[in-house]
Amino acid sequence: MLARGSKPRNAPPRRRRPRWIAVGIVLLATPLLGSGKWARPENDDLHYPSRPLGPDAEATLLPPPPIDDEYFPCGDCHEGEPADPERRELDEHDYIELKHGDLWCLDCHDTMERDLLHLSDASPVKMEESWRLCTRCHAKKIPDWRAGVHGKRTGNWRGAKEYRTCVVCHDPHSPLFKPLQPKPPPIPAAPFNPSAGAASEEVSHEGL
Amino acid sequence: MKSVMAFTFYAVRKMLLGGSAYYLWLACLGVLIAVGISGYHEQFVHGHIVTNMRDPVPWGIFIGTYAFLVGVAAAAMALAVPGYVYHWKPIKDIVVLGEIIAISAVIMCILFVMADLGHPERFWHLLPIVGKPNLPSSMIGMNVMILNGYLVLNIVIVSYFLYCSYVDRPYNKVLFMTLMLLSIPAAISIHTTTAFIFNVLPARPYWNSAILVPRFIATALCAGPALMVLAFQILRKVAKINIEDEALNKIVEMMVIVLFVNLLLFFAEVVTEFRSATAHTIHMQYYFTGIGGHVGLVTWAWSGAACNITAFFLLLIPKTRKNRIIMNLSCALVFVGVFIEKGIGLVLPGFTPGTLGELYEYSPSRVEVMIAIGIVGVGMLVFTLLSRVAIPLTFSEPLDDNGGITATRGEPDSYRPDPMGI
Amino acid sequence: MKGSEQKKNTEVTQTKKQAKMQDSRSVSRRNFMKAAGVGAGALIGLPRDADAFDLEEYFQDHFTELSPEEIERTIERLERKYSKKYGKAVTVDTTGPNDDVLFGYGLDISRCIGCRRCVYGCVEENNQSRDPQIHWIRVLEFDNDEVIRNINFDEGDPFYDHEEAPAPGKSYLPIACQQCENPECVKACPTTATWQEPDGIVVIDYDWCIGCRYCIAACPYGARHFNWTEPEIPADEMNPNTHYLGNRPRPHGVVEKCTWCIQRTRHGRYPACVEACPVGARKFGNLLDPDSEIRYLMEHKRTFVLKAEIDTKPKFFYFYG
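Conventions adopted
- Residues numbered from 1 in each chain as written.
- Chains lettered and ligands numbered in written order.
- Predicted model: local features only at pLDDT ≥ 70, side-chain atom pairs only at ≥ 80, totals over all residues.
- Heavy atoms only, no water.
- Helix = DSSP H or I, 4+ residues; strand = E, 2+ residues; numbered from the N terminus.
- Buried < 20%, exposed > 50% of the residue type's maximum accessible area, 1.4 Å probe, protein only.
- Contact = heavy atoms within 4.5 Å.
- Areas by Shrake-Rupley, 256 points an atom, 1.4 Å probe, with all protein chains shown as cover.
- Pairing = 2+ DSSP bridges.
- Axes fitted to C-alpha atoms, helices over the stretch in contact; angles between N-to-C directions.
- Patch = residues over 30% accessible without salt bridge, like charges linked within 9 Å, V, L, I, M, F, W, Y side chains within 5 Å.
- Salt bridge = Lys/Arg side-chain N within 4 Å of Asp/Glu carboxyl O.
- pLDDT = per-residue confidence, 0-100.
- Parallel < 35°, antiparallel > 145°, perpendicular 65-115°, else oblique.
- Left-handed = near helix turned anticlockwise from the far one by under 90°.
- Nonpolar A, V, L, I, M, F, W, Y, C, P; charged D, E, K, R; others polar.
- Disulfide = S-S within 2.5 Å.
- Polar contact = N/O pair within 3.5 Å; in protein donor to acceptor, adjacent residues only side chain to side chain.

Quick look at the overall build of chain B
Thinking step 1. From N to C terminus, chain B includes 18 helices and zero strands.
Thinking step 2. Looking at the 422 residues of chain B, the share that counts as buried comes to 62%.
Thinking step 3. Summarising the internal contacts of chain B: among those between residues at least 6 apart in sequence, 76% fall at separations of at least 24.
Thinking step 4. Carbon together with sulfur atoms contributes 74% to the accessible area of chain B, which is approximately 14900 Å² in total.

This is how it looks when you write it as C-alpha cells:
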C-alpha cells in the first residue's frame, strides 16, 4: 500500500514530536517589518544628478489690471467740481458694486485730487500704489503676503517670482472672491461598457 | 537515471492514454481552458479596461479567488499533520492526493495573479537577483517567494514519493520526513503572508485587523479539507480507489472544529465592528446591509454566513455527520461558504467605499468570469493528470520485480486494474 | 536640448569605478534574463501595441541601477519613440534631486473655492490620459459643518456640478498625492518600482512597474491611478517637456501618480497646480529653507495633514490662511 517506504509496521511508534515545527512556523511567518526608509536611495547612489539651482532672485510685481479709460482718469469728469461728501446712492458708476465693509467712495478716493486715493491722514496715494492704502486696514496680511503665503505667486519656488498686489486679485470695491464656474466633474468609475469605452468591440457587460 | 526516465515516460503515458470517458473529461476541461484563453486574449488586446476593476476597486475576483485558493492549498497540510506527525495510517494513504490538490491550487493562484498583473511579462522584476524585489517590506513580494517555494516543495514531495513507489524502493526516510514536515510551516506561511497582504494596510480599515491572519488559516483549514472530501468521494466513484471511511470522518471532524473557530473569529470581528460603530464600520455595513441602495453584496454576505452555519450544525451532530450524503452536502456548503467569505467578502468590501469615500460597486465582467473559468479548468486539468499518475502508484499492490509497469505498458488495463482507466 | 547637457553632467560626476560596477551588474542581469526567458517572456508579454515591443525596453534595468551610458541610451530611445508618436520634439529629462532640498506643499483650505482649475492644469501639464479619464487631483466637497466637526471622507462628494463654486454652505478639499515621509505605497510595491527620492518626491519607474495595483490598495489618499488601457493624449495637447520619473507618456497597465511636477520643480519652478489656482491657495517650497513660504506657513498658520492617525507623515499641509 501507500507507505511502502516506511519501516516495519510493528516498530514501536516514535515518541519524539517534531517541536522544531513550531519554531519553523514562527520563523517563516514572522515578517521582518519593513520601513519605508530603506527604499529611499541616498543622493550619492543616484546616477541622475541635479543641476544646481540658482539663488532666489528678486520678485517682480505684476501690474494691476488697467482701469477702464472710460472712467479714468477721474479728473476728466470731476475736474474742478467740489466733491459732495454726503453718503448717497450715485447716479453714475452703477456698474460698481460696493461691498467693502462699511466704506464709501470718499473714504478712499480723494475729495480734492480726484485721480488719487488718500490715506486716513489725508496723504495722497497713487492709484498704482493702492496697496499702500489697503494695508492701512489689512496690515496683518503684509507678512503673509511677503512670505508668499497670502496671495497667488507664480514663477519659481527658487528663482524669479511674480507677486501680485492686492487689487490684482481683489476688486477693491468688492474684495471677496467671486464664484467661478467649476470645471467639469470627474467621470465616476463605471463598469466596462464597450459602446462608451475606448475598446470598441461588441461586448456586453454582464455582472455576475 | 534510467529509472527516472522510465518513471517520466510512465507518467506521461498515464496522462496521455486512457479510456473514452477520460478523453471526454479532458475535452470538457479543454473547453473551459479555451474559454479562459479567449477571455484572456480579449483582456490582452484591450487591457484591463475589459474587466470591471477600476481605481476605487483595483482588485476583483482574480485576487479574491487567489486568496481563497491559497487556502485550498492547505489541503496538504491538513493531511500531513495527522498522517506524518501523528502517523495515522488511513490518512497517510491519501496525503499524496492532498499534496496534488495543493499543487493544483497553487498553480491556479499563480495564474490568477498573472491574469491580474498589468504587465505579466515583467514578472521577473519580482525575482531576487535578476529583479529588484522589495523584501521583506512588500507582502506581495514575500507571498510570491513563499508561494513558489511551497509549490516547488510539494512538487518535489509528490514526484519523489511517486518515483519511489514506481521503482518500488523505500524512500529516504529522513529526506522525505523533512520535506513533509517542512511543508507544514510552509503551508502556514502562505496563509499568513497572504493575510498580511491585506491586513498590513492601514489605508484599509476593513482588513487592518490582526485577526485576519488566524481567520485566513481557519478558512484555509475549512476550504481545503472540504474540497478534499468532495474530491475523494468523486475519486472513490470514478477511480474506484479504496479510501477508508475513517480517513474521511477524521478529516471532517477536524474540519468542524476549525469551522467553529472560523465562525467564532468572524463573529468576534462582526461584533467588534458593529458595536464600536466607528467610521470604519462602513465597509462591513456595505457587506451586510448595503449603503444607500448599493446592496450588491448583501445576498452574498448572508448566504455565505448561512452556508457556513448550516454546515457547522450538520457536521457537529455525529448522526448527520456520518451520513454520506449529508457529509457531502455539508462539505459543499463549507466550500461555497468559505469562497463567499473570502473570495467575495474579503476583497470587495475592503475597497467599498474607497479611501476617499467613492462608492463603486464592483461585479466581475464577462471577460473576468471567462478567465476565471479557464484558470479553474487548468487547475482541474493539473489535478486530473497528476492524480492519474499518482492513484495507480499509491492505491495498488506492489509491482513485481521485473517491472510490473513494463509489462503494463502495452495493455494498461488488463494486467492490473487501472483505477483511472474507467 | 536639456537632456544632452544633463547626460554630460552625469558622466562627469560618476566615478569610473562606480560606472563599471553598475554596468557589469546590469549587463549580467540582462544576459541572465535573456538566456532564461527571452522566448517565454516575449510570448507571454507581447504587448498590445506590437510595434512598441522592444527587447531593449523589456530587459531595461531599474532606473536607479542604470549606468549613465544606459540612461543616455534609454532617454534617446524614449525621445525617439515619443517624438514619433506625437509628431513633435519630445524631451525626456532625468534631472535628479538637489541635496539641500526637501519639498513641501501647502494648501489654504479657507481659500479654495472648488473651481477645479488645478485638476485640469495638472492633466495638461502631466499628460494624463483623457480617455479613459485620469485625474491626479480630486476635489471633495463637504458641508461646512462636516469640515468643522471632522473630515469623514465618506461624506465628501467629488462629483459636485454647480453653476458656480463655491456653492453656499460648502467647503472644498483638493486631494492628490501627499508625498508621505512614510509612504505606504513604497512599502507595498513588490518590485521597488516606486520609491521616494531624496528630495521627498515619491516616483514610479513606469518601465519597471508590473501593474499589480497593490500600491493603489495601500495608498490612504486615493492618489494612485492605473492605466486600465492605452492612455489617450491628443497630440496637440501633449506636453513635450517631460521627465523620466514624471510626466512622460505612460504605457498601459502601469500605475501613475502626482510627482509635484518633477519636470518643473527640479528646475526651480512652481508646480502647474500652484500656477493654475486662481485664488492663490496653493503653496510650494523647500522645507529645508527657513525662508521658504512652506516653512513660513507651517510656523505661522494652523496646519493639519490628512489621516494623521495612520502616521504616513504627509508633506502636504492643509492650512487656514
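Remarks on the sheet that holds strand E10 (residues 282-286) of chain C
Residue and element names in this part refer to chain C.
Thinking step 1. Here four strands make up an open sheet; going across it, the order is E10-E2-E12-E11 and the pairing mixed. If you trace the sheet from one side to the other, it starts and ends with E10 and strand E11 (302-304), each paired once. Direction aside, the axes of adjacent strands within the sheet are offset by 30 degrees on average.
Thinking step 2. Where strand E2 (residues 103-108) meets strand E12 (residues 316-320), four bridges bridge the pair, whose relative direction is parallel. Paired with Leu 107 across the strands is Tyr 318, a residue of E12.
Thinking step 3. Against the sheet, helix H11 (residues 293-300) contacts E2, E10, E11 and E12, and its axis sits at roughly 110 degrees relative to E10.

Re a nonpolar patch on the surface
Thinking step 1. Together, Ile 257, Phe 260, Val 261, Leu 264, Phe 267 and Val 271 of chain B make up a nonpolar patch on the protein surface, roughly 570 Å² of accessible area in all.
Thinking step 2. For Val 261 of chain B, the location among the structural elements is in helix H10 (residues 245-276).

Focus: the confidence of the model for chain A
If pLDDT is low for a region, its predicted coordinates should not be looked at in detail.
Residue and element names in this part refer to chain A.
Thinking step 1. Across chain A, the average pLDDT comes to 73, with 65% of residues at 70 or higher.
Thinking step 2. Within chain A, helix H1 (residues 20-29) has the poorest average pLDDT of any element, 47, and strand E4 (residues 154-155) the best, 92.
Thinking step 3. Segment residues 22-39: pLDDT under 50, and 25 contacts once partners within four positions in sequence are set aside and those in other chains are kept.
Thinking step 4. When the criterion is pLDDT under 50, residues 197-208 qualifies, and its contacts beyond four places in sequence or with other chains add up to 29 contacts.

Notes on the packing of helix H4 (residues 75-85) of chain B against helix H8 (residues 173-199) of chain B
Residues and elements named next belong to chain B.
Thinking step 1. Two elements in contact, H4 and H8, have axes separated by 9 Å at closest approach and are oriented at 140 degrees. The angle between the axes of H4 and H8 places the two elements in the oblique class. Of the two elements, H4 crosses H8, and the hand of that crossing is left-handed. Between H4, through Met 77, Ala 80, Val 81, Tyr 84 and Val 85, and H8, the contact on the second element is made entirely by Phe 176, Met 177, Met 180, Leu 181, Ser 183, Ile 184, Ala 187 and Ile 188.
Thinking step 2. Its residues placed into classes, the contact of H4 with H8 shows twelve nonpolar, one polar and no charged.

As for the state of the cysteines
Thinking step 1. Scanning the model with the defined rule gives zero disulfides over all chains in all.
Thinking step 2. In this model Cys 134 of chain A remains outside any disulfide bridge; the closest cysteine sulfur is found in Cys 166 of chain A, 4.0 Å from its own.
Thinking step 3. When its relative accessible area of 22% is taken as the criterion, Cys 134 of chain A is described as partly exposed.
Thinking step 4. Counting only cysteine sulfurs, Cys 185 of chain C is the nearest neighbor of Cys 219 of chain C, a cysteine outside any disulfide, at a range of 6.1 Å.

Digging into the environment of Glu 121 of chain B
All names here are of chain B.
Thinking step 1. Here Glu 121 is to be found in the loop between helix H6 (95-116) and helix H7 (139-167).
Thinking step 2. Residue Glu 121 is classed as buried on the basis of its relative accessible area, which comes to 8%.
Thinking step 3. Polar side-chain contacts of Glu 121 include one of 2.7 Å to the side chain of His 119.

Description of the environment of Asp 121 of chain A
Thinking step 1. Here Asp 121 of chain A lies in the loop between strand E2 (117-118) and strand E3 (124-125).
Thinking step 2. For Asp 121 of chain A, the side chain forms a polar contact with the side chain of Ser 123 of chain A, separated by 2.6 Å.

Remarks on the confidence of the model for chain B
Thinking step 1. Per-residue confidence for chain B gives a mean pLDDT of 89, with 94% of residues at or over 70.
Thinking step 2. For residues 397-422 of chain B, every residue scores under 50 in pLDDT, and the model assigns this stretch 46 contacts once sequence neighbours within four places are set aside.

A few points about the sheet that holds strand E1 (residues 59-62) of chain A
All names here are of chain A.
Thinking step 1. Taken together, the three strands give an open sheet; going across it, the order is E1-E5-E4, and neighbouring strands pair in mixed fashion. Unpaired on one side and paired on the other, E1 and E4 mark the two borders of the sheet.
Thinking step 2. Of the strand pairs in this sheet, E4 and strand E5 (residues 161-164) are connected by two bridges, and their pairing is antiparallel. When the sheet's bridge partners are listed, Thr 154 is paired in E5 with Glu 162.

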